[in-house]
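If you want the building blocks of each chain, they are given just below.
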Amino acid sequence: MEFETRAIHEGQEPDPATGAVITPIYQTSTFAQEAVGVTKGYDYARVANPTRTALEDCLASLENAAHGHAFASGIAAASTILHLLDPGDHVVCVNDVYGGTYRLFSQVYEPKGYRFSYATPAQLSSAPASHVADARLVWIETPTNPLLNIVDIAAVAEAAHAAEALLVVDNTFATPFLQTPLDLGADIVLHSTTKYLGGHSDVIGGFAATNDPTIAERLRFLQKSLGAVPGPFDAWLVLRGLKTLAVRMERHCANARAVAEFLSGHPRVTQVLWPGMPDHPGHEIAARQMRDFGGMVSFLVETEEEAVELVAHTEVWTLAESLGGVESLIEHPAQMTHASTAAGPFAAPRNLVRLSVGIEAVDDLVADLDRALAAVPART
Ligand code: PLP
């Protein structure tokens, strides 16, 4: 079945007990057993819960994965994946990732003896073999957060496998509607379901999927053993979000294109970062591995002062962290989502503004940005 149909139906049947069309929120911590070990498939809700199972089956299907695992947050999914490794193991990561991912790597796992090194998107795309040779795991985002760089997933997968390393792709920005990394050779695909998959800025969640049965079995064990699972209501919210993912993404992408085109013609904007622009360094790879170019747009202005003032001057765009909801958000990564990168090897540019383009009427979004840019005095 097609993506849009699976997003609505996969893993979900009318409730056998009542006929309810929508999967119920099984708000229970435990399940009755007829005799010791004789269950209807569920015993304790940290291990599994039917609402969570519906989400895991539906989202795994959208990622063309055989196995899906839901988590309490994107970072919980990331941390659980890192438990596939041992202290001393080397992780090669793209040098532009969510600030919380970098914080997890540098301040939680590095002190425990895990080794991390960072390569640019261009290095990983054009000469992956020379950058992943000693890795046990390669970790990429594409498009990256916050600079919207593109990494060639198929090229990195091939080099990672030649080095006997696993490839993890954080697919949060693209979503499976735009890109399915497992089809391009990735071993694990990761999500913050907090973002486009939930889609309404009302839930925190994470997800990891794979086609490898050995990795899946280990992730299932770690999911239950580390215990960072979502509650049934949170799982249900993401499951509901998935039903409209396809139509929301189409609108996010169309609105982002119009916003990027507006910004690229604005005299106060020094650079627009959006992989849909023909002069974007990753445009050709993005056109090959993505169905469209996504709803995130970043741009540079002259100074940090202008960036900070601008994000406080919009009215339709809300100044807030996070992304992927129906409403448009604006933020200053260097002091907000990526503050933890400040002292590291890839600090977010101080004059960068990041937009999560929502699905409002695009004329309102452009007019609001135009007004805010005019209200902020130029500083050199
Ligand atoms: N990955 C990316 C690309 C993100 O942007 C984020 C959060 O912003 C995360 C992972 C972490 O997800 P969560 O906030 O759900 O823990």
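Note: the structure precedes this text.
Residues numbered from 1 in each chain as written. Predicted model: local features only at pLDDT ≥ 70, side-chain atom pairs only at ≥ 80, totals over all residues. Heavy atoms only, no water.

## Side note on the site of the ligand
Inference 1: I75, D170, S192, T194 and K195 are the nearest of the 13 residues found near the ligand.
Inference 2: Between the ligand and N145, the relevant distance is 3.1 Å, taken from an oxygen atom to a side-chain nitrogen or oxygen of the residue.
Inference 3: For the shell around the ligand, a count of residues per class yields three nonpolar, seven polar and three charged. (Near = heavy atom within 4 Å. Polar contact = N/O pair within 3.5 Å; in protein donor to acceptor, adjacent residues only side chain to side chain. Nonpolar A, V, L, I, M, F, W, Y, C, P; charged D, E, K, R; others polar.)

## Observations regarding the pairing of strand β7 (residues 206–210)
Inference 1: Of all five residues making up β7, five are buried, and the element is well covered by its neighbours.
Inference 2: Residue alternation in β7 divides its side chains into two sets, G206, A208 and T210 and F207 and A209, and both sets are buried.
Inference 3: As judged from the five bridges shared by strand β1 (residues 67–71) and β7, these two strands associate in the antiparallel manner. Residue pairing for β7: F71 is matched across the bridge by G206.
Inference 4: Of the strand pairs in this sheet, strand β6 (residues 188–192) and β7 are connected by five bridges, and their pairing is antiparallel. Paired with I188 across the strands is T210, a residue of β7. (Buried < 20%, exposed > 50% of the residue type's maximum accessible area, 1.4 Å probe, protein only. Helix = DSSP H or I, 4+ residues; strand = E, 2+ residues; numbered from the N terminus. Pairing = 2+ DSSP bridges.)

## Re the sheet that holds strand β2 (residues 90–94)
Inference 1: Strand order in the open sheet formed by seven strands is β1-β7-β6-β5-β4-β2-β3, and the pairing between neighbours is mixed. The sheet is open, and its two edges are formed by β1 and β3 (115–119), each paired on a single side. On average, each strand axis in the sheet is tilted by 20° relative to the strand beside it, whichever way the strands run.
Inference 2: Pairing of strand β5 (residues 166–170) with β6, which is carried by three bridges, proceeds in the parallel orientation. Each bridged residue has a counterpart across the sheet, and for V168 the counterpart in β6 is I188.
Inference 3: Most of the contacts of helix α3 (residues 74–82) go to β6, to which it runs at about 150°, and overall it touches β1, β4 (137–141), β5, β6 and β7. (Axes fitted to C-alpha atoms, helices over the stretch in contact; angles between N-to-C directions. Contact = heavy atoms within 4.5 Å.)

## Considerations on unusual backbone geometry
Inference 1: A cis geometry characterises the amide bond from T142 onward to P143, with omega recorded as -5°.
Inference 2: Secondary-structure assignment places P143 in the loop between β4 and α7 (153–162).
Inference 3: Positive phi, normally seen in glycine, also occurs at E164, with a value near 60°.
Inference 4: Relative to the helices and strands, E164 is located in the loop between α7 and β5.
Inference 5: For E164, a relative accessible area of 71% corresponds to the exposed category.

## Description of the pattern of salt bridges
Inference 1: Tallying each qualifying case throughout the model produces twelve salt bridges.
Inference 2: In this structure, R354 engages E331 in a salt bridge whose closest nitrogen and oxygen atoms are separated by 3.1 Å. Placement of the pair is R354 in strand β12 (residues 352–356) and E331 in strand β11 (residues 329–331), with a sequence separation of 23 residues.
Inference 3: When its relative accessible area of 2% is taken as the criterion, R354 is described as buried.
Inference 4: Owing to a relative accessible area of 1%, E331 belongs among the buried residues under this scheme. (Salt bridge = Lys/Arg side-chain N within 4 Å of Asp/Glu carboxyl O.)

## Examining the packing of helix α11 (residues 245–264) against helix α14 (residues 362–375)
Inference 1: Put simply, α11 and α14 touch, their axes get as near as 10 Å, and they point 30° apart. The orientation of α11 relative to α14 falls into the category roughly parallel. Two packed elements cross with a definite hand, and for α11 against α14 that hand is right-handed. In this structure, α11 uses N255, A258, V259, F262 and L263 to contact α14, whose residues at the interface are V362, L365, V366, L369, D370 and L373.
Inference 2: Grouping the constituent residues of the contact of α11 with α14 by class yields nine nonpolar, one polar and one charged. (Parallel < 35°, antiparallel > 145°, perpendicular 65-115°, else oblique. Left-handed = near helix turned anticlockwise from the far one by under 90°.)

## Regarding α7
Inference 1: The set of residues buried in α7 consists of I153, V156, A157, A159 and A160.
Inference 2: In this fold, the buried residues of α7 make contact with α5 (121–126), α6 (128–132), β4, β5 and α12 (283–289).
Inference 3: Here α7 starts with a cap whose side-chain oxygen sits 3.3 Å from the backbone nitrogen of A154, and that cap is D152.

Distances and angles like these do not, on their own, reveal function.
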